[in-house]
Number of protein chains: 2
Amino acid sequence: MSERSLYRPEDTRFAVDAEVLIARLRPLLPAEGLITHEHGRRVYECDGLSAYKQLPLLVACPETIEQARAVLKVCSECGVPVVARGSGTSLSGGALPHPQGVLLSLAKFNRIIEIDPHGRIARVEPGVRNLAISEAAAPFGLYYAPDPSSQIACSIGGNIAENAGGVHCLKYGLTVHNVLQVTLLTIEGELVNIGSLAPDSPGYDLLALITGSEGMLGVIVEITVQLLPNPLTKQVLMASFPTVEAGGHAVAAIIAGGIIPAGLEMMDGPAIQAAEDFIQAGYDTDAAAMLICELDGGEAEVAEQMAKVEAILRAQGAERLRVARDEAERARFWAGRKGAFPAVGRLAPDYYCMDGTIPRKHLARVLKRIAELSEAQDLRTVNVFHAGDGNLHPLILFDGNHPGELERAEALGAQILELCVEVGGTVTGEHGVGMEKIDQMCVQFSTEEIAQFHAVKAAFDPQGLLNPGKAIPTLNRCAELGRLRVHQGELPHPEIERF
Amino acid sequence: MSERSLYRPEDTRFAVDAEVLIARLRPLLPAEGLITHEHGRRVYECDGLSAYKQLPLLVACPETIEQARAVLKVCSECGVPVVARGSGTSLSGGALPHPQGVLLSLAKFNRIIEIDPHGRIARVEPGVRNLAISEAAAPFGLYYAPDPSSQIACSIGGNIAENAGGVHCLKYGLTVHNVLQVTLLTIEGELVNIGSLAPDSPGYDLLALITGSEGMLGVIVEITVQLLPNPLTKQVLMASFPTVEAGGHAVAAIIAGGIIPAGLEMMDGPAIQAAEDFIQAGYDTDAAAMLICELDGGEAEVAEQMAKVEAILRAQGAERLRVARDEAERARFWAGRKGAFPAVGRLAPDYYCMDGTIPRKHLARVLKRIAELSEAQDLRTVNVFHAGDGNLHPLILFDGNHPGELERAEALGAQILELCVEVGGTVTGEHGVGMEKIDQMCVQFSTEEIAQFHAVKAAFDPQGLLNPGKAIPTLNRCAELGRLRVHQGELPHPEIERF
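**Remarks on the packing of aromatic side chains**
Turning to step 1, where the next piece is worked out: Tallied over the entire structure, the rule returns eight aromatic pairs over all chains.
Turning to step 2, where the next piece is worked out: Summarising the aromatic geometry, the rings of Tyr204 of chain A and Phe453 of chain B are spaced 5.7 Å apart at their centres and angled 80° between planes, so their arrangement reads as edge-to-face. With one member in each of two chains, Tyr204 of chain A in the loop between β9 (191-195) and α7 (206-210) and Phe453 of chain B in helix α16 (residues 447-460) form a pair that bridges those chains.
Turning to step 3, where the next piece is worked out: By relative accessible area, Phe453 of chain B is classed as buried at 4%.
Turning to step 4, where the next piece is worked out: Centre to centre, the rings of Phe341 of chain B and Tyr351 of chain B are 6.4 Å apart; their planes meet at 85°, and the pair counts as edge-to-face. Here Tyr351 of chain B lies in strand β16 (residues 350-353) and Phe341 of chain B lies in helix α12 (residues 340-344), a separation of ten residues in the sequence.
Turning to step 5, where the next piece is worked out: We classify Phe341 of chain B as buried; its relative accessible area is 17%.
Turning to step 6, where the next piece is worked out: The class for Tyr351 of chain B is partly exposed, based on a relative accessible area of 30%.
Turning to step 7, where the next piece is worked out: Linked through ring pairs, Tyr204 of chain A together with Phe445 and Phe453 of chain B together constitute an aromatic cluster.

**Here we look at the pattern of salt bridges**
Turning to step 1, where the next piece is worked out: The tally for this structure, following the rule as stated, stands at 56 salt bridges over all chains.
Turning to step 2, where the next piece is worked out: Between Asp284 of chain A and Arg320 of chain A there is a salt bridge, with the nearest N and O atoms lying 2.5 Å from each other. With Asp284 of chain A in the loop between α9 (269-279) and β14 (289-297) and Arg320 of chain A in strand β15 (residues 319-323), this residue pair connects regions lying 36 residues apart in the sequence.
Turning to step 3, where the next piece is worked out: In this structure, the salt-bridge partner of Glu329 of chain B is Arg325 of chain B, at a minimum N-O distance of 2.5 Å.
Turning to step 4, where the next piece is worked out: What makes Glu329 of chain B buried here is its relative accessible area of 3%.
Turning to step 5, where the next piece is worked out: Residue class for Arg325 of chain B comes out exposed when judged on its relative accessible area of 71%.
Turning to step 6, where the next piece is worked out: Salt bridges linked by common partners bring Arg322, Arg325, Glu329 and Arg332 of chain A together as one network.

**So, the relation of the copies chain A and chain B**
Turning to step 1, where the next piece is worked out: Placing chain A over chain B gives an RMSD of 0.0 Å and needs a rotation angle of 180°, together with 0.0 Å of translation along the axis. Both chain copies can therefore be described as sitting about a two-fold axis. Closest approach to the rotation axis within chain A is made by the C-alpha atom of Glu301 of chain A, at a distance of 2.1 Å.

**Things to note about the state of the cysteines**
All names here are of chain A.
Turning to step 1, where the next piece is worked out: As enumerated under the stated definition, the model contains two disulfides over all chains in all.
Turning to step 2, where the next piece is worked out: There is a disulfide in this structure between Cys442 and Cys478, and the S-S distance comes to 2.0 Å. Disulfide Cys442-Cys478: the torsion about the S-S bond is -80°, which places it as left-handed. Pair noted here: Cys442 is in helix α15 (residues 441-444) and Cys478 is in helix α17 (residues 475-481), with a separation of 36 residues, a long-range link.
Turning to step 3, where the next piece is worked out: The class for Cys478 is buried, based on a relative accessible area of 11%.
Turning to step 4, where the next piece is worked out: Of all cysteine sulfurs in the structure, the one in Cys420 sits closest to Cys353, which takes part in no disulfide; the separation is 12 Å.

**Considerations on the sheet that holds β16 of chain B**
All names here are of chain B.
Turning to step 1, where the next piece is worked out: Reading across from one edge, β15-β12-β14-β13-β18-β20-β16 is the order of the seven strands in this open sheet, with antiparallel pairing throughout. Since the sheet does not close on itself, it has two edges, and those belong to β15 (319-323) and β16, each with one partner. Ignoring which end each strand starts from, the neighbouring axes of this sheet average 20° apart.
Turning to step 2, where the next piece is worked out: Across the sheet, helix α9 (residues 269-279) lies against β13 (263-268), β14 (289-297) and β18 (380-385), angled at about 95° from β13, the strand it touches most.
Turning to step 3, where the next piece is worked out: In the packing of helix α13 (residues 363-376) onto the sheet, contacts are made with β13, β18 and β20 (394-398), and the angle to β18 comes to roughly 155°.

**Re the confidence of the model for chain A**
The predicted structure's coordinates, where accompanied by low pLDDT, should not be read in detail.
Residues and elements named next belong to chain A.
Turning to step 1, where the next piece is worked out: Mean pLDDT for chain A: 91, with 96% of residues reaching 70 or above.
Turning to step 2, where the next piece is worked out: In the predicted structure, residues 484-499 sits below a pLDDT of 50 and forms 32 contacts with residues beyond four places in sequence or in another chain.
Turning to step 3, where the next piece is worked out: Taken together, the chains of this predicted complex give a pTM of 0.90 and an interface ipTM of 0.88.

**Quick look at the packing of α13 of chain B against helix α14 (residues 405-422) of chain B**
All names here are of chain B.
Turning to step 1, where the next piece is worked out: Running from amino to carboxyl end, α13 crosses α14 at an angle of 155°, the nearest separation of the two axes being 10 Å. Here α14 runs roughly antiparallel to α13, going by the angle between their axes. The chirality of how α13 crosses α14 is right-handed. Facing α13, whose interface residues are Val366, Arg369, Ile370, Leu373 and Ser374, α14 presents Leu412, Gln415, Ile416 and Leu419.
Turning to step 2, where the next piece is worked out: Split by residue class, the contact of α13 with α14 holds six nonpolar, two polar and one charged.

**Side note on helix α8 (residues 244-256) of chain B**
Residue and element names in this part refer to chain B.
Turning to step 1, where the next piece is worked out: End to end, α8 covers 19 Å across 13 residues, agreeing with the expected 18 Å (1.5 Å per residue, within 8%).
Turning to step 2, where the next piece is worked out: The element α8 is largely enclosed, with a buried count of ten among its 13 residues.
Turning to step 3, where the next piece is worked out: By the burial criterion, the buried members of α8 are Val244, Ala246, Gly247, Gly248, Ala250, Val251, Ala252, Ala253, Ile254 and Ile255.
Turning to step 4, where the next piece is worked out: Summarising the contacts, the buried residues of α8 are in contact with α6 (169-172), β12 (233-241), β13, β14, α10 (299-315) and α13.
Turning to step 5, where the next piece is worked out: Phi for Gly258, located one or two positions after α8, is positive at around 85°.

**A word on the packing of α8 of chain B against α10 of chain B**
Geometrically, a packed helix pair is captured by the angle between its two axes and the distance between the axes.
Residue and element names in this part refer to chain B.
Turning to step 1, where the next piece is worked out: Two numbers describe how α8 lies on α10: the axes approach to 9 Å, and their chain directions differ by 145°. The handedness of the crossing between α8 and α10 comes out as right-handed. Note on element contacts: α10 touches α8 through Val309, Ile312 and Leu313, opposite Ala250, Ala253 and Ile254.
Turning to step 2, where the next piece is worked out: Broken down by class, the residue content of the contact of α8 with α10 amounts to six nonpolar, no polar and no charged.

**Section: unusual backbone geometry**
Turning to step 1, where the next piece is worked out: The phi dihedral of Asn163 of chain A is positive, around 50°, even though this residue is not glycine.
Turning to step 2, where the next piece is worked out: Taking relative accessible area as the criterion, Asn163 of chain A reaches 4% and is therefore assigned buried.
Turning to step 3, where the next piece is worked out: Here the phi dihedral of Ala471 of chain B falls at roughly 65°; this positive angle occurs in a residue that is not glycine.
Turning to step 4, where the next piece is worked out: Mapped onto the secondary structure, Ala471 of chain B falls in the loop between α16 and α17 (475-481).
Turning to step 5, where the next piece is worked out: Relative accessible area serves as the criterion here: at 4%, Ala471 of chain B is assigned to the buried category.

**Notes on the sheet that holds strand β10 (residues 219-226) of chain A**
Residues and elements named next belong to chain A.
Turning to step 1, where the next piece is worked out: Taken together, five strands build an open sheet; the order of strands is β5-β6-β10-β8-β9 and the sheet is antiparallel. Looking at the sheet topology across the chains shown, the edges are occupied by β5 (112-116) and β9. Here the strands of the sheet are splayed against their neighbours by 15° on average, with no regard to which way each runs.
Turning to step 2, where the next piece is worked out: Along the sheet, helix α3 (residues 65-78) contacts β8 (179-185), β9 and β10; its crossing angle with β8, the most-contacted strand, is approximately 55°.

**A look at the environment of Ile133 of chain B**
All names here are of chain B.
Turning to step 1, where the next piece is worked out: Within the element layout of this structure, Ile133 appears in helix α4 (residues 130-137).
Turning to step 2, where the next piece is worked out: Separated by 203 residues in sequence, Ile133 and Gly336 place their C-alpha atoms 24 Å apart.
Turning to step 3, where the next piece is worked out: Apart from residues no more than four positions distant in its own chain, Ile133 is found in contact with Ile112, Ala122, Val124, Val128, Tyr144, Ile156, Val225 and Leu227.

About the thresholds
- Residues numbered from 1 in each chain as written.
- Chains lettered and ligands numbered in written order.
- Predicted model: local features only at pLDDT ≥ 70, side-chain atom pairs only at ≥ 80, totals over all residues.
- Heavy atoms only, no water.
- Phe/Tyr/Trp six-rings, centres within 6.5 Å; stacked < 30°, edge-to-face > 60°.
- Helix = DSSP H or I, 4+ residues; strand = E, 2+ residues; numbered from the N terminus.
- Buried < 20%, exposed > 50% of the residue type's maximum accessible area, 1.4 Å probe, protein only.
- Salt bridge = Lys/Arg side-chain N within 4 Å of Asp/Glu carboxyl O.
- Least-squares fit on C-alpha atoms with pLDDT ≥ 70 in both.
- Disulfide = S-S within 2.5 Å.
- Pairing = 2+ DSSP bridges.
- Axes fitted to C-alpha atoms, helices over the stretch in contact; angles between N-to-C directions.
- Contact = heavy atoms within 4.5 Å.
- pLDDT = per-residue confidence, 0-100.
- Parallel < 35°, antiparallel > 145°, perpendicular 65-115°, else oblique.
- Left-handed = near helix turned anticlockwise from the far one by under 90°.
- Nonpolar A, V, L, I, M, F, W, Y, C, P; charged D, E, K, R; others polar.
- Expected span 1.5 Å × (residues − 1).

Here it is as structure tokens:
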């Protein structure tokens, strides 16, 4: 996979003189702050999507906003691509380096500047780890809500770039709902404040635009997030289902019942088995599907909602309902879910983690169709996902050493994403488009819509230097792929019957 | 006020031949769909900010997307400004016509296309009234959450243009948090789908960018919003305070206590008195300030939270706590609040309704400072506002017939908005910038930030034809005003001590 050409010709059009660039950048950075040797650059050749590898031309590690600003100014003047990187945990190749570009590491931007318990905000640098914010807020009974699986390692700057989610984003929102303000460096090195501490901000909403923009619009150098008070009570329930479809219907029924759980996760039979073998969480390995539902809030509130959820689940055919008896059991129920990905990794030499989102009401149908598509490709697919959000994470198992299996896995992945679009969903839930899903963007969006994205990009980065070749495909690329777009506005709901 | 020149020379730079324009537009519209006579255009000369009046060159009333598209294409080709208008209830002059432009009325786009109770969404045209959506959803036990005071009259398209809020947006979010998808016509007449039915959308988040963009980026022709299930229980509490500051502290304490009420409104003494005289809601006219706190959810949940709120309020010095005994009393408590603006209108010949937002923790200080500023201008200010959001609505009372009073009221309004910016807030909460607050934008934003707004605008509307002269000031305008910007990032919190 690493041998494949990842960038297209139009994304590697830059004429960069490495020697000149080094001479200009060297004096702007601290002694160890410019990495030119191959062994040093090798560390940065991939992110969490390790199948995609590319050496950067140079790696710059500024320590201050002024240094970052100076690096960007030079790159802007010299027409050099810039790929910003936090902890490098992206699962879509968002931080994959550019062969002609500077990999701008923000790892040194790791200070928690301020925790304001009264205002319930944290002001931090972009390289601060997601979990470190909650740890710093814990003495005040506060926490930062979005909790991607990688929260021990991933940085808040990367979370904003990808609009990261997590188990609890069903109730507490994605990153975009928890960030109040960012300070952005434009590619020209100008410092711009975006957002405010107030609930709404005048002018265009650039904060949401920046959030999830995958490093294409600017480089974030300071962030203010909101903190939430720790819930008084948490309670977790597990329920087994005889079929995956029944589990899907149960999810829709809970939400339709007016309950927004703190977390609502689903695992199918193979995922349950793998997690149980790996973690011994006490899962029901006879179930075809399992829901984990966490409720939080006041004690009476949680008890009231738990009774309602139990009634809904039983009406939907749930078997073997179990409520965690204590905090230790609650932690164990979650441990299995959180360890599910590495657990699945033991089932096959390779797996490919997809990330599509669909309207919840289509969950049961889409899961059924994924099983059919997998069978047609002669591959196994395991499902572990944020059911409440309709955010699927099908894990396609394959063996990269068997000729053709990788290609079949990729083909199946593309089919699954196109299925998501067909039912009114999207090609990414929380992992971003990056390098991985850029072709599927041609399926998701019309020519006019992609042209509008490019116009917005040009409003921030007219030379196209920030993370070229990611997130938004060129119209050329879509045309060459001959992708026929399933138009959201024109696909009537009855057409879903086609599968 | 109507005699003043509202548009600056750079906003009226368009060279439009009305005869040619009429000849081109006439065949594109239905018989009554192009209004050219002055008496017909007079109807559209102002919106809810009636002090600002301007006759449009023409009024176009398309009935279909194709007609709207054709009108925009002609305007784009001829370089003619376009101001879109829904119900015309904007309080900031957002729908104020342009003297050289077409006023594009979307009043005929008033169909509710679909209520999908299972998917919990409504698909509607932009001219549908806010309340009509909840009425159509009511048979399914669902409603549309954002509830601006004008919800009987205001249109959902205008709600999106202004990112409208309302009493319940503290818990249920602003318009931006409740809209899933829009279909937008660009000024060139291209149809673009933005957003999705999934929780997140790939590509840049243009949905949030469009929401609150005040008609500057495109014309919305179809909208999908999410619907929420009606809460099982609602309960309202009123509490009196001996000082406005104590009320402000109590608001901060409730939120800090981890409770997000469905509504948390504050009225000061003069507002209480005015509302009571007008509505007889049973308010405590001896109080210097009053909080109305609504909780909703399951029965046990509401009871639990109500007990907690009562304890917090008592600890903050609240007097005469009263919980509504029944639905009729709950409605009466709210009737006073909802009638507060017309009630205040009886206190003086004119009032000027401001709309600034501040971080909640500064509520007490800012209210005190507003009282001081009012006294210095020899004017009375009455406060009725969304306290939980920190969204202030100071009502400045004046008599436009007394020479100089209008100017003093405007000066006081500007001082209040600048005070909001100084404490880290914004110049608008939910009414938008429009024509009214455009000068204050120079205080809120730096030159680089305003330049970035203009670049984004150009990505959608390169000729600057959509709603010229609104929302985002030209850099020229800011320079002429000589406004010194209080820079968010550089104003340390201790400086708040200055007042």
